Amino acid sequence: MLLLQGIDCEDLPYQKELLRTDGKAFTNLALGNATFALMAFGTYPNRCMLKSRDMEIRLTENMQPNFHIKFLSEGLWHKGYKAVLCFVRDGFSNIGLTETRPTTVSRADRTVWHRPAQSIG
């Protein structure tokens, strides 16, 4: 049984099916000091998805435990890449999991600053 900071990962598919049966879209779960939504949907190979404003954590069906984590723009803008990455690394290292692939950035999230229009004349 894999407990991810208090969440039984083997129980997540059952919890997801309960959501679908009840017609609910999600239920909230505490993960460390953050709140994630267990989504009622998930497709092969990601059978379960936990989602917050900062990231999506997808649990795959094969090679348990295997997680795919996608950082979302809101978390990157408000907290920064390093803070969001530290949250993930600290949480997973506390339960003995390690990264199997290097962290990559597929697109740049950036803030564009606009200079206020100046009047001429």
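For every chain, the first residue of the written sequence is number 1, and numbering continues from 1 along that sequence. Only residues with pLDDT of 70 or above have their local features reported here, since the model is predicted, and side-chain atom pairs are shown and tallied only from 80 upward, although totals for entire chains, interfaces and linings are computed over all residues. Side-chain calculation: all heavy atoms of the structure are included, whereas hydrogens and water are not.

### Comments concerning the confidence of the model for the chain
The condition that has to hold: A score between 0 and 100, pLDDT records how confident the predictor is in each residue. By the criteria applied, helices consist of DSSP H or I runs no shorter than four residues and strands consist of E runs no shorter than two, each listed in order from the N terminus.
For the chain, per-residue confidence averages 76 on the pLDDT scale, and residues scoring 70 or more make up 74% of the total. Ranking the elements of the chain by mean pLDDT puts strand S1 (residues 3-4) last, at 48, and strand S4 (residues 34-39) first, at 86.

### Regarding the environment of Asp 22
In this fold, Asp 22 is placed in helix H1 (residues 12-22). Taking the C-alpha atoms as reference points, Asp 22 and Ala 40, separated by 18 residues in sequence, lie 9.9 Å from one another.

### Focus on helix H3 (residues 81-93)
Here is the rule we go by: In a helix, the anticipated span is given by 1.5 Å times the number of residues less one. Each residue is assigned to one of three classes by its accessible area relative to the maximum for its type, calculated with a 1.4 Å probe on protein chains only: buried under 20%, partly exposed between the two thresholds, exposed over 50%. Our arc is simply the arc of the directions from the helix axis toward the C-beta atoms.
The end-to-end C-alpha distance of H3, which contains 13 residues, comes to 18 Å, matching closely the 18 Å that a straight helix rising 1.5 Å per residue would cover. Every buried residue of H3 is listed here: Val 84, Leu 85, Val 88, Gly 91 and Phe 92. One side of H3 carries all its buried residues, which in axial view fall inside an arc of 135°.

### Brief notes about the environment of Leu 18
Relative to the helices and strands, Leu 18 is located in helix H1. Of the residues examined, Leu 18 reaches a relative accessible area of 34% and is grouped as partly exposed. Taking the C-alpha atoms as reference points, Leu 18 and Ala 40, separated by 22 residues in sequence, lie 8.4 Å from one another.

### Examining the packing of aromatic side chains
Condition: Put simply, two rings from Phe, Tyr or Trp (the six-membered ring, in Trp's case) pair if the centres are within 6.5 Å, and we call them stacked under 30 degrees between planes, edge-to-face over 60, tilted for the rest.
Taken as a whole and judged by the stated rule, the model has 2 aromatic pairs. On the numbers, 6.4 Å between centres and 20° between planes, the contact of Phe 36 with Phe 87 is stacked. Here the residue Phe 36 occupies a position in strand S4, and Phe 87 occupies one in helix H3, the gap between them amounting to 51 residues. Classification of Phe 36 as buried rests on a relative accessible area of 1%.

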